[in-house]
Every structure is written in structure tokens, then in C-alpha cells.
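# Structural description and commentary
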Amino acid sequence: MDKNILSIKDVRDGIVSGDFSAEEVTSEFLKEAKQKNQEINAYISIREEEAIASAKEIDEKIKAGEDAGPLCGAPLAIKDNLLIEDEVCTSASKLLKDYVSAYDATVIKKLRTAGAVFLGKANMDEFAMGSSTENSAFGPTKNPVDTERVPGGSSGGSAAAVAGRMALGAIGSDTGGSIRLPASFCGVVGMKPTYGRVSRFGLMAMASSLDQIGPFGKTVADAEEIYSVIKGADKHDATSRNAGESQLNLGDPSSITIGIPDEYFSGTGLDDETSKAMQETVDFFRSAGMKIKKINLPYSKYALSAYYIIIFAEISTNLARFDGIRYSRGSNNGSLFDIYMKTRGAGFGEEVKRRMLLGTFVLSAGYYDAYYAKAQKVRQLIKRDFIEAFNQVDVILSPTSPTVPFKFGEKSDDPVQMYLSDIFTVPVNLAGLPAISIPVKGRVDKLPIGFQLIGKHWHDSDLFSLGKYYEGQ
Amino acid sequence: MLKDIKKEDIERLAQLARIDIEGKEAGLVKDAENILEYFEQLKDVNTDNISPMSGASDMVNQAEADDIDKGLLQKGIESFPETKDGYLKVPGVMKNND
């Protein structure tokens, strides 16, 4: 078994045909994960026994001639803000270091049924707040491509696990780029589905009007396989729904128009290397016969402000539940007010506190209209920009990040600089659109750069088909 | 539209948000200033007659049957930090817990 060439399909075919067992695959990946984790810190916890046990179950199913599911034996990393029943789920917060989940997230249930094996819980920025995975209470994750650099965030552990072959695929969550940015930084594929495509039941909420769960894979095809399993309506998430899938006609490339937003290429802090890589990517699609069209998204320069105001507000309300009474208990001494103050003061990290205070501020009487209501109106304008653009083009192409992966500490003392890493990804979440980050080809021995494809609402499949075309599959 | 954030404002917000920030006030004031300064750019956007967008979905109320999942209910009780006779135990609300 040469694990360097393994895809989800290879694993499934190999197990079903008896070339190797699910247990062998799981053991190999576990070995790699345990060994590399000391340096990379992609996992907060590794589920060795449980993973082997589920691999054995799959092998038994195969022996009995049963269908073991489309992801049978695929070893995955799960971001530690998704609940697995009876297991600790920390969201990378000191406050939840001992919290045990009461149930399986819907995504976990679906993956389990499909035969996936969960190797462990992946590291992340605390409560998914950050762009570098430096905000974890369990220490930062390192980028396997260059360990002096961050893996991106907030799903940095998930991306690093896939990049470092410590998992075959992974699950993350994306509120403003938290799947796509780490995918870009680590040189893997990461996809954020249309808002509502995947149930968020059992995902610890950060900003409910923006959060979405999505897959990581080494290839577009792997990400698509995971996506196909986790999507679909769920009665436990009222925002989820079933919607049809779209089909781009790749047999006739000239029928496809790709939009390039003018505003993304000036005044956004785009570095020369990324700019050049985007040019090459655009050239690839142009020489394939697709139409390339300049488009305008005039309100995009306001997206970051609107986004941060909205998430601050939603964070301050969503995280009110972590009160020191329900999910963890500190001291019972003093008044109820003291218990709240102390537990939250000691349990939350700096970025979480910063966002909750500012969220409380933008929602407070006298400032609500100037900040929160204003941001919601700007959000409407940003969505309109996209709707108008999609009248002219099928897909929009942009960089995923304005820069190559940065070094540890480079931006952690300056929140605004850190927020600017998300400049190309947040507009997508504000509008509720699907988007994928794919590694630019031909960057062996160079730092990874990802390009982003943004699709129309519910046109998630367009991104996979165009992505596979680019990868030459 | 925007205001200068002072130490007293941060302390007041910390009380409202129920977060002890003792010793961190100065840094938080500086961060808040920088972030709010960045938000100033929204002043330039004309949003007259634009309706606010409060969610990413255009769906309206999704009703579902009001079924109680007894298993989940039991799990919820079991996973609560403190219980007594199948009830959740919490610190006193009306007076100090002594």
C-alpha cells in the first residue's frame, strides 16, 4: 500500500477489493499523526482506540459482504468545535477543556454512516476566532510546508493534518474564510458550501448567520466526496435545506464565463507572488477556451468592516451561554455575577474577550444604528454586487489570501492586520455563497498559494467540476 | 457617528458582557480604538432605503413537530456539571450561595 498516492477513492477501492484493510489504513495514518503531532500540533486529541475500533467494524462489514459506505475507511480529522457523542470537545478553549458532548453533530452522524474513520479532533483558533490558529489554548498549529509559518485559521489543524498526511481528509467550519484560508496556506483543497447546504446541528456556533461546515481534501475530488456525504436538509437545523446541484458544461469550455473582480486586485495588500500566481491561473482557464470577464464588486472594500461588526455582535450573544454554570463549572463561591465574571475572565482567551466586548458595544443603545444596523445594510449591498455580477458570469475567480503564509507572531499583536487576511473570503460568507480554495499548480518547493472560485447560490457543484478540470482529472 | 473609547467604556462593557478583564484594560482600549477606526470607512456608504440583511438565507419560518427527544434530554441532564435527583443544580440566583 503506497499511501502517497491514496485518495478517498483509492482507499475505498482497495478496501472493497481486499487489497488492504481499513485497519491497516487507519493504523498507518495514526502512526504518522502521532509522530508528527509533537511538532505540528494539528490535533488537540488523537482517538487511537476509537479509530481502530471503527476501522475494524468496517472490515467486518466488508467481510460480511455489506456496503461499507462511500467513505469507507477514509481517515479524517474533525475540527474540535464539532460534537462527537461522549467525547471531549474543547473548541480550543480553556473554558471547555473538560466538556463532554451529549450527542453527535449531524455531520458526524452522516460521516459515520458513510464509513469514515475519525482519527482525532483538530486544533483551531479558540471558538474559531482567528486567521492563524495562534489563538488556541492548546498551542498553535505549525504549517507542515514550513514550520516557521502559520497554517492559517481558524481550521488550521484540519488543513495541516491533510497537508502533513496525518489524515486523508478533514472537516472544518468557515465563518469568514476559516476553511479556505488554511487550505490556501497549507496547499490543500478547502470548500465552504452555500449557506444552508450542510446542517450545523452539533457545531459550536460562532456567528450563526455566517457559519458553514465544509470539507478539506488533498484533491478537489476528495473534497467533493466528503461534501456529497455531509450535505442535505436536517430537521435539527432550520436553515438547512435540500437543493438541486448544478452542472457546468465543461465539454464546451467556451460556454463558461469566469469573472475577475477588479476591486480585489488593487488596494487589498496583494503581494507580487500571489498576483503573479493569479495571472497564471487566469491564463490557464483562458487558454482552455473559457471566457474571462472583468467584473465589478464596488462594495467589496466595505466587506471586512461589515463582517467584523456582524460577527462581533453574533459572538457576544452566542457565547453568552458559556456562563460558568452550564458547560463547565468553576468555583461556586461568591454571587452569581462573580461566578460569571471569574469563569469567563479566566476561561476565554484575548481574542474572544476582545470580540465579545466589541460585540456588546456595537449592539448597545446609542450605537446599534451606527454600527450593527449599518453593517447589515452594507451586507445587503455586498450581496447585490454578487447577484449582479452573476448575471454576467458563471463563476468568480480571486486569490484566497492576499499574501503567502506569514510567520508566527507577525500579525498576532495587531488585530486589524490579522483581520485583513480575510479580505477575499468574507464577502462570500456575507452573501451566503459557495466557494472553494484550490492550490495553484507548479509550486513545488515554494510556499503554497490558493485561488478561490466563488459560485452562485446552490451552485456548489460548479466549483467542484471546474476545480477538477483545473487539476486535470 | 463613532466615539472615542475610554477605559471607563471598556470597564462598563466588561461588566455588561460579564468578563473579568482586570489588568488588560489598556490593551483592550488600544485594540478597540484601532478596530473602530477601521470601521469609520462605513460612514462613506450611502445606505438610504437599503433594507438590513439579517441572515444569509432567504428562507422563512421552518416549522417542525414539537417532539421531545427523551434520550437527548437525559444526556443533557447527565452532562450537566452538577445534578441532584435528576435535577440540574445551580448556584442560588436570589441570594449568595452560602
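Quick summary incoming for the structure in this document.

Reading guide: rules and limits
Each chain has its residues counted from 1, running along the sequence as written. Ligands are numbered from 1 and chains lettered from A, in the order in which they are written. Only residues with pLDDT of 70 or above have their local features reported here, since the model is predicted, and side-chain atom pairs are shown and tallied only from 80 upward, although totals for entire chains, interfaces and linings are computed over all residues. Based on all heavy atoms of the structure, the side-chain values leave hydrogens and waters out of the count. Working definition: helices are DSSP H or I runs of at least four residues, strands are E runs of at least two. Numbering for both runs from the N terminus. Here the radius of gyration uses the C-alpha set of atoms, whereas the globule reference equals 2.2 Å times the residue count to the power 0.38. Relative accessibility under 20% of the residue-type maximum defines a buried residue, over 50% an exposed one, and the middle range a partly exposed one, all with a 1.4 Å probe and only protein chains included. The contact definition used throughout considers only heavy atoms, calling two residues in contact when any of these lie within 4.5 Å. By definition, no residue in a patch forms a salt bridge, and every one has over 30% relative accessible area; like charges are joined within 9 Å, nonpolar side chains (Val, Leu, Ile, Met, Phe, Trp, Tyr) within 5 Å. A 1.4 Å probe and the Shrake-Rupley method give the accessible areas. Residues count as covered only by the protein chains that appear here. Each reported salt bridge corresponds to a side-chain nitrogen of Lys or Arg within 4 Å of a carboxyl oxygen of Asp or Glu. Charge assignment: positive for Lys and Arg, negative for Asp and Glu; neither His nor the chain ends contribute. Positions of charges follow a simple convention, taking NZ of Lys, CZ of Arg, CG of Asp or CD of Glu. Buried area is a sum: the accessible area each of two parts loses on coming together, probed at 1.4 Å, counted once for each and added. Here a polar contact is recorded for every N or O atom pair within 3.5 Å, except that within protein the pair must consist of a potential hydrogen donor and a potential acceptor, and residues adjacent in sequence are included only if both atoms are side-chain atoms.

Assigned secondary structure in chain B consists of three helices and two strands. In terms of C-alpha radius of gyration, chain B reaches 23 Å, well past the compact-globule figure of 13 Å for 98 residues. Each principal axis of the C-alpha atoms in chain B carries an extent, and together these give about 55 × 45 × 20 Å. For chain B, the residues scored as buried account for 24% of the 98 residues in total. The contacts of chain B with a sequence gap of at least 6 include a subset with a gap of at least 24, amounting to 34%.

Moving on: a negative patch on the surface. Together, Glu-64, Asp-66, Asp-67 and Asp-69 of chain B make up a region of like negative charge exposed at the surface. What makes Asp-66 of chain B exposed here is its relative accessible area of 76%.

In this section: the pattern of salt bridges. Throughout the structure, instances matching the rule amount to 31 salt bridges over all chains. When the shortest N-O distance is used, the salt bridge between Glu-11 of chain B and Lys-7 of chain B registers 3.3 Å. A residue pair is termed a helical-turn pair when its members lie 3 or 4 positions apart in one helix, as Glu-11 of chain B and Lys-7 of chain B do in helix α1 (residues 7–17) at four residues. By relative accessible area, Glu-11 of chain B is classed as partly exposed at 31%. Where Glu-82 of chain B meets Lys-89 of chain B, a salt bridge forms, and the shortest distance between an N and an O atom there is 3.7 Å. Exposure remark for Glu-82 of chain B: the relative accessible area of 25% places this residue in the partly exposed category. By relative accessible area, which is 40% here, Lys-89 of chain B ends up partly exposed. One salt-bridge network, held together by shared partners, links Arg-197, Lys-231, Glu-245 and Asp-460 of chain A.

A few words now on the interface of chain A and chain B. Counting residues at the interface gives 65 residues for chain A and 55 residues for chain B. Interface area, chain A with chain B, both sides summed: about 5500 Å², of which 66% is carbon and sulfur. Looking only at chain A, the three residues that lose the most surface to chain B are Met-341, Leu-357 and Lys-374 of chain A, adding up to 11% of its buried area. The interface formed by chain A and chain B contains five salt bridges. In this structure, Glu-350 of chain A engages Lys-24 of chain B in a salt bridge whose closest nitrogen and oxygen atoms are separated by 4.0 Å. On the surface where chain A and chain B come into contact, there are 13 residue pairs in polar contact (both at pLDDT 80 or more).

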